[in-house]
Amino acid sequence: MVECGGLENRCARKSTGGSNPSSSATQTTRSAYCIKMEENALKIGRSGIVAVVGRTNVGKSTLLNALLGEKVSIVSDTVQTTRNIIRAILTEDRGQLVFLDTPGVHKADGDFGRNLNKMARSSVGGADAVLLVLDASKKSWQEDEGWMRRLMKDDTPCVILLNKTDIGTGFIASYKELWANIAAEKNCALKPVWIEASALKGDGLPALTKTLFLMVPEGPHLFPEEILTDYPRKLNMADVIREKYFDRLHDELPHCLAIWIEEIEETQSKWTIQAVVYVERHSQKGIVIGEKGRLLKSVQYQAEKELFEMYGVKMKVKLWVKVEKNWRKNFFFLKKLGYA
Ligand SMILES: Nc1nc2c(ncn2[C@@H]2O[C@H](COP(=O)(O)OP(=O)(O)OP(=O)(O)O)[C@@H](O)[C@H]2O)c(=O)[nH]1
Ligand SMILES: [Mg+2]
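Note that the structure is a prediction, hence the values are computed from the model and not measured.

Quick notes on the rules
Residues numbered from 1 in each chain as written. Chains lettered and ligands numbered in written order. Predicted model: local features only at pLDDT ≥ 70, side-chain atom pairs only at ≥ 80, totals over all residues. Helix = DSSP H or I, 4+ residues; strand = E, 2+ residues; numbered from the N terminus. Buried ≥ 20, exposed ≤ 12 C-beta atoms within 10 Å, placed from the backbone. Near = placed C-beta within 6 Å. Nonpolar A, V, L, I, M, F, W, Y, C, P; charged D, E, K, R; others polar. Contact = placed C-beta atoms within 7 Å. Expected span 1.5 Å × (residues − 1). Arc of directions from axis to C-beta. Axes fitted to C-alpha atoms, helices over the stretch in contact; angles between N-to-C directions. Parallel < 35°, antiparallel > 145°, perpendicular 65-115°, else oblique. Left-handed = near helix turned anticlockwise from the far one by under 90°.

Brief notes about the environment of Leu249
Along the chain, Leu249 turns up in helix H7 (residues 233–249). Using a count of 19 C-beta atoms within 10 Å as the deciding quantity, one classes Leu249 as partly exposed. C-alpha of Leu249 to C-alpha of Ile287: the two residues are 38 residues apart in sequence and 8.6 Å apart in space.

Regarding the site of ligand 1
Among the 24 residues in the neighbourhood of ligand 1, the closest are listed as Gly59, Ser61, Thr62, Thr82 and Gly104. Looking at the shell around ligand 1 element by element, the count peaks at 3 residues for helix H2 (residues 60–68). Considering only residue class, the shell around ligand 1 consists of 7 nonpolar, 13 polar and 4 charged.

Some details on the environment of Val53
Inspection of the secondary structure assignment puts Val53 in strand E2 (residues 45–53). C-beta crowding within 10 Å serves as the criterion here: with 27 such atoms nearby, Val53 is assigned to the buried category. It is 6.9 Å that separates the C-alpha atoms of Val53 and Ala120, two residues lying 67 residues apart in sequence. Once residues lying within four places of it in the same chain are set aside, the contact partners of Val53 are Thr102, Ala120, Ser123, Val124, Val130, Leu132 and Trp147.

Here's the deal with H7
For the α-helix, the turn length of 3.6 residues means that residues three or four positions removed from each other point alike. The terminal C-alpha atoms of H7, which comprises 17 residues, lie 24 Å apart, in line with the 24 Å expected from a rise of 1.5 Å per residue. The element H7 is extensively covered by neighbouring structure, given that 12 of its 17 residues are classed as buried. Contacts made by the buried residues of H7 are with strand E10 (258–266), strand E11 (270–279), helix H8 (285–289), helix H9 (294–311) and strand E12 (314–323). Count one or two residues on from H7 and you reach His250, which has phi positive near 50°.

A short note on helix H3 (residues 111–122)
The end-to-end C-alpha separation of H3 is 16 Å, in line with the 16 Å expected for 12 residues at 1.5 Å each. For H3, the set of buried residues is Phe112, Gly113, Leu116, Asn117 and Ala120. End-on, the buried residues of H3 take up no more than an arc of 135°, which puts them together on one face. Opposite the buried face of H3, by more than 90 degrees, sit the exposed residues Arg114 and Ser122.

With respect to unusual backbone geometry
The phi dihedral of Lys164 is positive, around 65°, even though this residue is not glycine. As for its position among the elements, Lys164 is in the loop between strand E6 (158–163) and helix H5 (172–186). At Lys292, a residue that is not glycine, the phi angle is positive and equals roughly 55°. Assignment of secondary structure puts Lys292 in the loop between H8 and H9.

Thoughts on the packing of helix H4 (residues 142–151) against H5
Where H4 meets H5, the axes come as close as 10 Å, and the angle between the chain directions of the two elements is 45°. Put simply, H4 runs oblique to H5. Considering how the two elements wind past one another, H4 and H5 form a crossing that is right-handed. Of H5, the residues touching H4 (which contributes Glu145, Met148 and Arg149) are Leu178, Trp179 and Ile182. Broken down by class, the residue content of the contact of H4 with H5 amounts to 4 nonpolar, no polar and 2 charged.

Next comes the structure, spelled out in structure tokens:
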């Protein structure tokens, strides 16, 4: 991984070893960053921000990982897997699309869920285009209808992606009918571009990028071309660990889990990551540790493997389990994790 400028980001090109820049090296990268910005300003293609929205679990994060060809956002079949807004940057000769991956809107039963929904809804303001993702294999939910109504409130160009066509296309007509009915009721003239796709198989993705590049305005790149995401490294590492837990816990208690990276100790050959696994009650500690510590060890191992692939440096992940009573109701705790 290379650090570009002052941003803690992940770049398309990985370095061969760990990066531990001295202050003079950091100065050099900063000025290189400024030169890069000037070079980018001279390249006129099309560039813009695309808010990727939809209800939880429709495949928004899977789609962005597929478009970028690298994992920038964690994926699981648990609701509200994505908990922050993550920028995923696609740079091509045609220009640059800056996607905002957002938490999936879901019926909220407390401050935590409500904050995530608010975060997702606010992403649309200021975007050059909106990409609403629907699950073509399942009938519409109230949240899908809610998004359609939201998109009709202003005239931002939009694409509606009917995802998961590899497992079903039975509800495509009913989604189109739903849009038409709401549009008639609201006397709305906005015409979305409908695209059928499978984020998992890659079907429909070239048509999607072609449409989006035509929707965003002409202009220089917004980010240096080798940057994939500016999502902070510590948040990304915490998400990777959370994903490994989601893979193993399924419906058991994923929503009561939060991960916080305390420290990253970097040497040339290895990064040691000290992370806290927060649960809400003492009775949940045993579940995340597992019998004889098996679950904890397996999460550590899987996270180390994936972080090595992402950053190109050997990783040691050390997990500490702590109880933070009812953290989902604690505004300051949510703020610390970037969830409020
Ligand atoms: N069959 C199939 N499964 C998919 C497809 N896209 C995503 N999935 C699966 O759907 C589940 C949810 O995917 P995510 O990408 O995490 O969904 P999301 O919309 O980002 O979810 P939130 O972050 O909770 O809003 C995962 O199990 C994915 O593997 C697809 O095109 N086909
Ligand atoms: Mg997601």
